[in-house]
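# Structure at a glance
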Amino acid sequence: MAQEFPTLTNDLLLRAARGEQTERAPVWVMRQAGRYLPEFRKTRETHEFFEICRSPTLATEITMQPIRRYAGLLDAAIIFSDILVVPQAMGMEVIMNPGPHFTDPLNTPADVEKLPREVDVEKELGYVFEALTLTRKTLAGQVPLIGFSGAPWTLMMYMIEGGGSQTRQKSKTWLFKYPEASRQLLWRITDICVQYLIGQVKAGAQLLQIFDSNAGDLSPHDFSTFALPYLKRIADEVREGLKARQLPVVPLTLFAKGASPSLAASAGYDTIGLDWTLDPRDVAKLTDGIIDGRTITLQGNLDPVVLYGGREAIEREVKRMCNMFHDARGGACKAWIANLGHGITPGVDPEDMKFFLECVHKYSAVPSS
C-alpha cells in the first residue's frame, strides 16, 4: 500500500502528464540538481558522486537545492541519483572520474555469466527508495517528485562500452554479432528496471521517467528490435505491478533522444520527451491518436546551449518554443511540459537558469480571453 505523504499543493505537472489543459506549462529541467549549482559543487568537494547517491540524506539535500533556489518557479523535483545504479545492482563496478567508468565491462556474451542471475532490488537499491521517501516528506507537498531509470538499451550500451562512447562500436557490434545474447541481456536489465520503478512509486515517486539517451544511435529497425519491445514491457509491467500492489498508477515519461517520435510514442508512455532537433508541431501530427486515440503529452525542448546565449536570446527562444507548442495544441496549453531538450550543462549561470524558468512562466501562460 502507498505511504502517507503531505498533500500536494502544485499538481501542474501531473495534470499536464495526464493530457489535461493547464493554465501554463509546468516546467522542470533534466539534471536540475547538478554541477551548474555552486551548492552542489560545494557538496562534491567532500563527497564522491556515488557516495551522494547512496546516502539518502545527501541525495535529499541535492534534490532540494534547486527547489529552494528557484522557489515557486520549478514544478517538479527529480530525485538525485544516476541511471548506472542499475548496472551496479547487477554486480558491475562503476566509478565516476569524472565521467562513468566500468572497471570490468562486458566484452563477450560469456562475460554476462559473471553477473548474478537474481538481483534483490530492495537490498541493492534500497538507498534510492529511502532517498525518495525522505525527499517526498521534505518537499512537504510543494511539487511532485520524479523517479527515473535508464532504459535497457542505454544501460546495455554503458555495460559493454565501459563508459561514454562516440561510436558505440562495441555495443552495436553485440546487436549484430550476438543478437540472441543481446536480447537475453536486455530482458534481464528490463526485469530489474520494472522492479526498481515499482519500488520507486512505493517509496514516494509521483511520476517516472525512462532515459533512453542513446536511442538515436539505433536505426528505426534496430530500435524496433532492441529497444522498443523492452520499453513497452516496462510501461505495461510497471502499470500492472502498481495496480497489483494497490499503488498509484503514476504517469510515465519516455525520453528516447534521437529516436523516431512515432516509434517512441508507440511504446505506450503518457509523455514523450523531445530533444531540440524536433518541432513539436510535427511530432503532434505523428503521435496524437496512435495509442487508443489519445493525446500524448509532449515534453521539451529548448536547446540547452541557449542558456549560454544571454538574456535576450533566452527570452526570444523560450517565446518561440512556447508558440510552437501552443500551435501544436491548437492554441491551448494542453498536454505539454516545458523542459530543455537534454540535461542542463555544468557551465550555465544559475541566474540564467532562473531567467529561463521565469520566461516559461510568462510565455507559456494561456492568454486570457
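Residues numbered from 1 in each chain as written. Predicted model: local features only at pLDDT ≥ 70, side-chain atom pairs only at ≥ 80, totals over all residues. Heavy atoms only, no water.

## Observations concerning the overall build of the protein
How we decide: Helix and strand labels come from DSSP, where a helix needs a run of H or I of at least four residues and a strand needs a run of E of at least two; each type is numbered from the N terminus. Throughout, the radius of gyration refers to the C-alpha atoms, and the reference size of a globule is 2.2 Å times the residue count to the power 0.38. Accessible area is worked out with a 1.4 Å probe on protein chains only. A residue is then buried under 20% of its type maximum, exposed over 50%, and partly exposed in between. The contact definition used throughout considers only heavy atoms, calling two residues in contact when any of these lie within 4.5 Å. Areas reported here follow the Shrake-Rupley algorithm with a probe of radius 1.4 Å; residue values treat only the protein chains shown as occluding.
Broken down by element type, the protein carries 15 helices and 9 strands. Relative to the compact-globule value of 21 Å for 369 residues, the protein shows a C-alpha radius of gyration of 20 Å, a close match. Its C-alpha atoms give the protein principal-axis dimensions of about 65 × 45 × 45 Å. In the protein, buried positions account for 60% of the 369 residues. Taking the intrachain contacts of the protein between residues at least 6 apart in sequence as the baseline, contacts between residues at least 24 apart amount to 78%. Of the roughly 15,000 Å² of accessible surface on the protein, a fraction of 49% belongs to carbon and sulfur atoms.

## Remarks on the layout of surface pockets
To locate leftover empty space, one rolls a probe as large as a water molecule over the atoms. Let me state the cut-off plainly: Only protein atoms enter the 1 Å grid, on which a cavity is a set of points fitting a 1.4 Å probe that cannot get out and a pocket is an open set with protein on both sides within 12 Å along at least 5 of 7 lines, lining residues being those with an atom within 4 Å of a point. Grid points are joined across faces, edges and corners, and a volume is the space filled by probe spheres set on the points. In the scheme used here, Gly and all other residues not listed as nonpolar or charged are polar, with Ala, Val, Leu, Ile, Met, Phe, Trp, Tyr, Cys and Pro taken as nonpolar and Asp, Glu, Lys and Arg as charged.
A volume near 1,100 Å³ is recorded for the largest pocket. Residue lining of the largest pocket: 39 residues in total, with Arg-31, Arg-35, Phe-49, Asp-82 and Met-96 positioned closest to the centre. Contributions of two or more residues to the lining of the largest pocket are made by helix H2 (38-44) and helix H7 (152-161). A breakdown of the residues in the lining of the largest pocket according to their chemical character gives 20 nonpolar, 12 polar and 7 charged.

## Brief notes about helix H11 (residues 228-244)
Test applied: What a helix is expected to span follows from its residue count: subtract one and scale by 1.5 Å.
Between its first and last C-alpha, H11 extends 24 Å over 17 residues, near the 24 Å set by a 1.5 Å rise per residue. Looking at H11, one finds that the buried residues are Leu-228, Tyr-230, Leu-231, Arg-233, Ile-234, Ala-235, Val-238, Arg-239, Gly-241 and Leu-242. Those residues of H11 that are buried lie in contact with H7, helix H9 (179-203), strand E5 (207-211), helix H10 (220-226), strand E6 (252-255) and helix H12 (261-265). One or two positions beyond H11, positive phi appears at Gln-246, with a value near 55°.

## Section: empty space enclosed by the protein
Taken as a whole, this structure holds 2 cavities of 30 Å³ or more when the rule is applied. A volume near 50 Å³ is recorded for the largest cavity. Along the wall of the largest cavity there are 13 residues; nearest its centre are Ala-256, Ala-259, Gly-273, Leu-274 and Leu-278. Of the residues belonging to the lining of the largest cavity, the class tally is 8 nonpolar, 3 polar and 2 charged. What lines the second largest cavity is Pro-6, Thr-7, Leu-8, Arg-136, Leu-139, Gly-141, Val-143 and Gln-206. When its residues are assigned to classes, the lining of the second largest cavity shows 4 nonpolar, 3 polar and 1 charged.

## Structural notes on a negative patch on the surface
Here is the rule: Each patch groups residues whose relative accessible area exceeds 30% and which form no salt bridge, using 9 Å between like charges and 5 Å between nonpolar side chains of Val, Leu, Ile, Met, Phe, Trp and Tyr. Salt bridges are identified by distance alone: a Lys or Arg side-chain nitrogen within 4 Å of an Asp or Glu carboxyl oxygen. As used throughout, the charge tally considers Lys and Arg to be positive and Asp and Glu to be negative, leaving His and the chain termini uncounted. Every charge is mapped to an atom, namely NZ of Lys, CZ of Arg, CG of Asp or CD of Glu.
A surface patch of like charges, here negative, comprises Asp-120, Glu-122, Glu-124 and Glu-130. Looking at where Glu-124 falls in the secondary structure, it is placed in helix H6 (residues 121-139).

## Looking at the pattern of salt bridges
Throughout the structure, instances matching the rule amount to 20 salt bridges. Put simply, Arg-18 and Glu-20 hold a salt bridge, and the shortest N to O gap is 3.4 Å. Overlapping salt bridges bring together Asp-11, Arg-15 and Glu-23 as one network.

## With respect to the nonpolar core
Defined as follows: Throughout, nonpolar core names a set of buried Ala, Val, Leu, Ile, Met, Phe, Trp, Tyr and Cys residues whose side chains join them through atoms within 4.5 Å.
With 135 residues, the main nonpolar core has Phe-223, Met-353 and Phe-356 as its most contacted residues. For this core, the element with the highest residue contribution is H9, accounting for 11 residues. If we skip the residues at most four places from it in the chain, Phe-356 touches Val-27, Val-29, Leu-302, Leu-307, Ile-314, Val-318, Met-321, Asn-339 and Leu-340.

## Looking at the pairing of E6
Across a regular strand the side chains alternate sides, sitting on one face of the sheet and then on the other. Going by this rule: Two strands make a pair as long as DSSP finds a minimum of two bridges between them.
The alternating pattern of E6 places Leu-252 and Leu-254 and Thr-253 and Phe-255 on opposite faces, both of which are buried. Inspection of the sheet shows E5 paired to E6 by 4 bridges, in the parallel sense. Each residue of the ladder has a partner; that of Ile-210, found in E6, is Leu-254. Sheet topology places E6 next to strand E7 (residues 271-273); 2 bridges connect them, and they run parallel. Looking at E7, one finds that Leu-254 is bridged to Ile-272.

## Here we look at the side chain of Gln-209
What counts here: Polar contacts, as used here, are pairs of N or O atoms within 3.5 Å; protein pairs need one atom able to donate a hydrogen and one able to accept it. Residues neighboring in sequence count only if both atoms are side-chain atoms.
By secondary structure assignment, the location of Gln-209 is in strand E5. Only 3.1 Å separates the side chain of Gln-209 from the side chain of Gln-299, close enough to count as a polar contact. In contact with Gln-209, not counting residues within four places along its chain, are Trp-28, Met-30, Ile-146, Gly-147, Phe-148, Ser-149, Thr-253, Phe-255 and Gln-299.

## Describing the packing of aromatic side chains
Basically, it comes down to this: Aromatic contacts are taken between Phe, Tyr and Trp rings whose centres are within 6.5 Å, Trp giving its six-membered ring; a plane angle under 30 degrees counts as stacked, one over 60 as edge-to-face, and the others as tilted. When the NZ atom of lysine or the CZ atom of arginine is within 6 Å of a ring's centre and also within 35 degrees of its normal, the charge is said to sit over that ring.
All told, the structure shown has 8 aromatic pairs when counted by the stated rule. Ring centres of Phe-148 and Phe-211 lie 5.6 Å apart, and the angle between their planes is 85°; this geometry places the pair in the edge-to-face category. Highlighted residues: Phe-148 in strand E4 (residues 145-150) and Phe-211 in strand E5, separated in sequence by 63 residues. Judged by relative accessible area, Phe-211 falls into the buried class, the value being 12%. Arranged with centres 4.5 Å apart and planes meeting at 10°, the rings of Phe-325 and Trp-336 form a pair that is stacked. One end of the pair, Phe-325, is in helix H14 (residues 311-328); the other, Trp-336, is in strand E9 (residues 336-340), with 11 residues separating them in the sequence. Its relative accessible area of 2% is what places Phe-325 among the buried residues. We classify Trp-336 as buried; its relative accessible area is 1%. Above the ring of Trp-187, the side-chain terminus of Arg-233 is found at 3.9 Å from the ring centroid.

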